[in-house]
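One-letter residues, chain by chain:
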Amino acid sequence: MKHLFTIALLLFMISLSAQTFDNALQYLEFVSEQQEGITKKMWKYTKSIAHSRSDRNIENKRKSLLKTLDKAIDRIKKAPGYDGNEFKNQLLNRLQYSKNMLNDDYAKIIDMKAVAEQSYDAMEAYMLAQEMADKKMEEIQEQYEANYYAFANKHKINIIENESDLSKNMTISNEVFRHYKKMYLIYFKVYINEIYLIDALNNGDANAIQQNANALSESAKEGLEILKTVEHYKNDKSIANTTKKAFEFFIDEADNKMPQIVEFLILNEDLQKTQTALEKTPQRKRTKEQIDGYNNMVNDFNKKVKDYNKLNGELNNKRQTVINNLNNTNQNFLSKHIPND
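One structure accompanies this document, and this report is about it.

**Quick look at the nonpolar core**
(1) Moving on: Within the largest apolar cluster, 65 residues are counted, with the highest numbers of intra-cluster contacts made by M123, Y187, I209, F247, F250, M258 and I261.
(2) Moving on: The set of elements that each furnish at least two residues to this core consists of α3 (86-115), α4 (120-154), α5 (165-203), α6 (206-227), α7 (238-280) and α8 (288-337).
(3) Moving on: Apart from the residues within four sequence positions on either side, M123 is in contact with A116, E117, Y184, L185 and F188.
(4) Moving on: Among the nonpolar cores identified, the runner-up in size contains 21 residues, and Y27, F30, L66 and I157 belong to it.

**Examining a positive patch on the surface**
(1) Moving on: There is a patch of like positive charges on the surface, built from K63, K67, K71 and R75.
(2) Moving on: Note that K71 resides in helix α2 (residues 55-78).

**Side note on the packing of aromatic side chains**
(1) Moving on: Enumeration according to the criterion identifies 15 aromatic pairs in this entry.
(2) Moving on: Plain terms: the ring middles of Y148 and Y149 are 6.0 Å apart, the flat faces sit at 75 degrees to each other, and that makes the pair edge-to-face.
(3) Moving on: The interplanar angle of 35 degrees and the centroid separation of 6.4 Å between the aromatic rings of Y191 and F250 together place this pair among those described as tilted. Placement of Y191 in helix α5 and of F250 in helix α7 is noted, with a sequence separation of 59 residues between them. For the pair Y191 and F250, a shared accessibility class is recorded, and that class is buried.
(4) Moving on: Site record: aromatic cluster; members linked through ring pairs are Y180, Y184, Y187, F188, Y191, F247, F249 and F250.

The rules behind these values
- Residues numbered from 1 in each chain as written.
- Predicted model: local features only at pLDDT ≥ 70, side-chain atom pairs only at ≥ 80, totals over all residues.
- Heavy atoms only, no water.
- Core = buried A, V, L, I, M, F, W, Y, C linked by side-chain atoms within 4.5 Å.
- Buried < 20%, exposed > 50% of the residue type's maximum accessible area, 1.4 Å probe, protein only.
- Helix = DSSP H or I, 4+ residues; strand = E, 2+ residues; numbered from the N terminus.
- Contact = heavy atoms within 4.5 Å.
- Patch = residues over 30% accessible without salt bridge, like charges linked within 9 Å, V, L, I, M, F, W, Y side chains within 5 Å.
- Areas by Shrake-Rupley, 256 points an atom, 1.4 Å probe, with all protein chains shown as cover.
- Salt bridge = Lys/Arg side-chain N within 4 Å of Asp/Glu carboxyl O.
- Lys, Arg positive; Asp, Glu negative; His and termini not counted.
- Charge placed at Lys NZ, Arg CZ, Asp CG, Glu CD.
- Phe/Tyr/Trp six-rings, centres within 6.5 Å; stacked < 30°, edge-to-face > 60°.

What follows is the structure in structure tokens.
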């Protein structure tokens, strides 16, 4: 998955304060030098995505990129081109398009992230928007390279291709994020049913709990089958293994724990109905059978309420542990495979 950091390959800042070029080679060399500097800066941004847990830090870097981009555009506009302005204008167009992408497409993606976890469709749309934006960035880069080589060929300059360490690192990071995204969608397709189940639990809706528990169990079992077929990045099974444990918890929760929860909620509902009916019956008309039945239900409820609270507490703790473990595994996966140099 190519992330916003891919624009590193597009931002060719040129400090052209009163700068002139004697030949086309000087112009291309200068552009290449600036590209390398920007790529290094963007690589630092890439590493922050993989190795930093601060969303604020990442967003600040995006805003800093916009400022840098504005300065680059301003400098290029003020400087003369070489052999006319065709290549200069092509470069400016690419930079402006990159700026628009940062301001519009990626800004919208950030907004989509806020609601992505409300449904699987929203999460899928969020990740698809990322892919589409990154594809646009890739197309911009391809177009720039075509312009770059056209300029070089026009002036009979032989370009020797050399894949730098930074370029290799960026390629690796794209592969790592692509695998991470694929694995997260497998997980989220199951987890969204857990979200719905928790909502039903909070509402105390026995019917909704049963329905969502069934959906969760079914999706988790399907997820386990999917995990058996996934291709692991560099044979690293950490995300798959942790996701598997999460699915196993969801299945146990849905198949074994929710029936106990539902049973208690039905008991509580029956108790409330019996109490209401008893209260509506005049005291002189209440039978011993009614009173004994109600008292037995109260005793049974008092015994089971402790088990219910204990079970809820255990589920909440296990659920949080499972989610924390997966979050940590995802972060460790990114940190492990995305270079930090």
